[in-house]
Amino acid sequence: MSQSGQPRPVFLIARNPQPDTKLPYLLKLPLEGGLVLKARDTWPRVSRIYCHRFEEDWPTQPEILERVPVISCRRRGAAIDLVLDRPRLARSQFVFTEVRGRPAIFWQTQKTARAANPGGRVPRRRSLTEDFTILVDTRERYPFRFSDRDVTTERAALPAGDYAVRTQQGAVVAAVERKSLDNLAASLSNGTLAFQMQRLAELPVAAVAVEARYSALFKLEHVSGTWLADVLARLQVRYPEVQVVFADSRRFAEEWTYRFLAAALTDAAGPALRE
């Protein structure tokens, strides 16, 4: 049981009942009502593993090989991050891509990903999407203009953050909450940042961009910088999904926000756009 009293999600590995299959194992992820994949092996120990969606229902009497509690299972763009509650072989990722124009799924760890593609850790120069729309929250009084970028801005009532991007279907895939140093200090002091980060954590990708250096927190006159830093650290531990970036200045906070949102939109669009 989890702390909330709900049954803990589990990751299941079972024998594939289909005869004469080259993918002899079934994987059931606690996502989207139970995402079932068939796979060549039970863990990507030395190489990434090819997977495919299981075309049938989960077997009524499956031969379960492993049942592991799950700490986290989240879809992030074209990938699913899986963290299991065990000391070894705990972190892995399922990447949805294309091979020769056909859908493919690869199950990998950080080690196997590097071994499979040692030269592909850094995106190519023109991999970020261009000519897209950044949504600006209607409550943002002095918004970034992104005037030197090939983007369009549009005012909208956002569920979280000050800037966001969404898919063609209208789903918000990433958001950024902008903070000046004074606003960061105030929202830490009165507790509003905790609620803002809670809402941001509900999105696929989110961040807080601060228009200052981290060291500036300790130079404020009317509040203890040490206390503010402690509160911020607790929030970052509580909401690890939400990045907090100190971007040095407003100019670089705008620059970082543009690149973050562009990368998130590119990743959510899938391999066709990334290539």
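Residues numbered from 1 in each chain as written. Predicted model: local features only at pLDDT ≥ 70, side-chain atom pairs only at ≥ 80, totals over all residues. Heavy atoms only, no water.

Some remarks on helix α3 (residues 192-200)
Then, in step 1: For α3, the complete set of buried residues consists of Leu193, Ala194, Gln196, Met197 and Leu200. The buried residues of α3 occupy an angular sector of 165 degrees when the element is viewed end-on, so they sit on one face.
Then, in step 2: Buried residues in α3 make contact with β12 (172-179), α2 (181-190), β13 (205-210), α4 (225-238) and β14 (242-246). (Buried < 20%, exposed > 50% of the residue type's maximum accessible area, 1.4 Å probe, protein only. Helix = DSSP H or I, 4+ residues; strand = E, 2+ residues; numbered from the N terminus. Arc of directions from axis to C-beta. Contact = heavy atoms within 4.5 Å.)

A short note on the layout of surface pockets
Then, in step 1: Of the voids in this model, the second largest pocket is the one considered here, and its volume is about 310 Å³.
Then, in step 2: For the second largest pocket, the lining is made up of 16 residues, of which Asp137, Arg139, Asp162, Glu177 and Gln196 are closest to its centre.
Then, in step 3: Elements with a contribution of two residues or more to the lining of the second largest pocket: β12 and α3.
Then, in step 4: Across the lining of the second largest pocket, the residue classes tally to four nonpolar, four polar and eight charged. (1 Å grid on protein atoms, 1.4 Å probe; cavity = no way out; pocket = protein on both sides within 12 Å on 5 of 7 lines; lining within 4 Å. Points joined across faces, edges and corners; volume = space filled by probe spheres on them. Nonpolar A, V, L, I, M, F, W, Y, C, P; charged D, E, K, R; others polar.)

Quick look at the packing of aromatic side chains
Each aromatic ring pair is characterised by the separation of its centres together with the angle its planes make.
Then, in step 1: Scanning the entire structure with this criterion turns up 11 aromatic pairs.
Then, in step 2: Seen from their ring centres, phenylalanine 146 and tyrosine 163 are 5.9 Å apart, and the 85 degrees between their planes marks the pair as edge-to-face. On the criterion of sequence distance, the pair formed by phenylalanine 146 in the loop between β9 (132-137) and β10 (151-156) and tyrosine 163 in strand β11 (residues 163-166) is long-range, its members being 17 residues apart.
Then, in step 3: Taking relative accessible area as the criterion, phenylalanine 146 reaches 2% and is therefore assigned buried.
Then, in step 4: On the basis of relative accessible area, tyrosine 163 is assigned to the buried category, the value being 0%.
Then, in step 5: Measuring from ring centre to ring centre gives 5.5 Å for tyrosine 214 and phenylalanine 218, while their planes differ by 75 degrees; the resulting arrangement is edge-to-face. (Phe/Tyr/Trp six-rings, centres within 6.5 Å; stacked < 30°, edge-to-face > 60°.)

A short note on the pattern of salt bridges
Then, in step 1: Taken as a whole and judged by the stated rule, the model has 15 salt bridges.
Then, in step 2: Of the charged contacts, one joins arginine 8 and aspartate 85 as a salt bridge, the two residues approaching to 2.9 Å between their closest N and O atoms. Taken as a pair, arginine 8 in the segment before β1 (10-15) and aspartate 85 in the loop between β6 (79-84) and β7 (91-99) lie far apart in primary sequence, 77 residues in all.
Then, in step 3: Exposure remark for aspartate 85: the relative accessible area of 36% places this residue in the partly exposed category.
Then, in step 4: A salt bridge links glutamate 241 to arginine 74, with the nearest nitrogen and oxygen atoms 3.8 Å apart. In this pair, glutamate 241 sits in the loop between α4 and β14 while arginine 74 sits in strand β5 (residues 64-76), placing the two residues 167 residues apart along the sequence.
Then, in step 5: Classification of glutamate 241 by relative accessible area gives partly exposed; the value is 28%.
Then, in step 6: Taken together, the salt bridges that share partners define one network made up of Glu140, Arg178, Glu211 and Arg250. (Salt bridge = Lys/Arg side-chain N within 4 Å of Asp/Glu carboxyl O.)

A short note on the pairing of β7
Sheet faces and side chains relate simply in a regular strand, where the side chains alternate between the two faces.
Then, in step 1: Bridging between β6 and β7 involves five bridges; their strand directions are antiparallel. Considered in β7, the bridge of isoleucine 80 is made with phenylalanine 94.
Then, in step 2: Hairpin connection, β6 to β7: the antiparallel pair is bridged by six residues, and leucine 89 has positive phi, about 50 degrees.
Then, in step 3: Relative to strand β8 (residues 102-108), β7 runs antiparallel, the two sharing seven bridges. Paired with valine 99 across the bridge in β8 is arginine 102.
Then, in step 4: Here β7 folds back onto β8, and the loop between the two strands holds two residues, one of which, arginine 100, carries a positive phi near 55 degrees. (Pairing = 2+ DSSP bridges.)

Focus: the sheet that holds β11
Paired through backbone hydrogen bonds, the strands of a sheet run either parallel or antiparallel to each other.
Then, in step 1: Ordered in space as β10-β9-β11-β12-β13-β14, the six strands form an open sheet in which the pairing is mixed. Because the sheet does not close on itself, it has two edges, and the strands there are β10 and β14. Across the sheet, the mean angle separating the axes of adjacent strands is 25 degrees when strand polarity is ignored.
Then, in step 2: Of the strand pairs in this sheet, β12 and β13 are connected by six bridges, and their pairing is parallel. Across the sheet, the residue bridging to valine 176 is alanine 207, located in β13.
Then, in step 3: Lying on the sheet, α2 is in contact with β12, β13 and β14; it crosses β12 at an angle near 100 degrees. (Axes fitted to C-alpha atoms, helices over the stretch in contact; angles between N-to-C directions.)

A closer look at the sheet that holds β7
Then, in step 1: Pairing within the closed barrel is antiparallel, and its eight strands lie in the order β1-β2-β3-β4-β8-β7-β6-β5. Ignoring which end each strand starts from, the neighbouring axes of this sheet average 35 degrees apart.
Then, in step 2: Looking at chain direction, β1 and β5 are connected through five bridges and run antiparallel. Note that in β5 the partner of isoleucine 13 across the bridge is glutamate 66.

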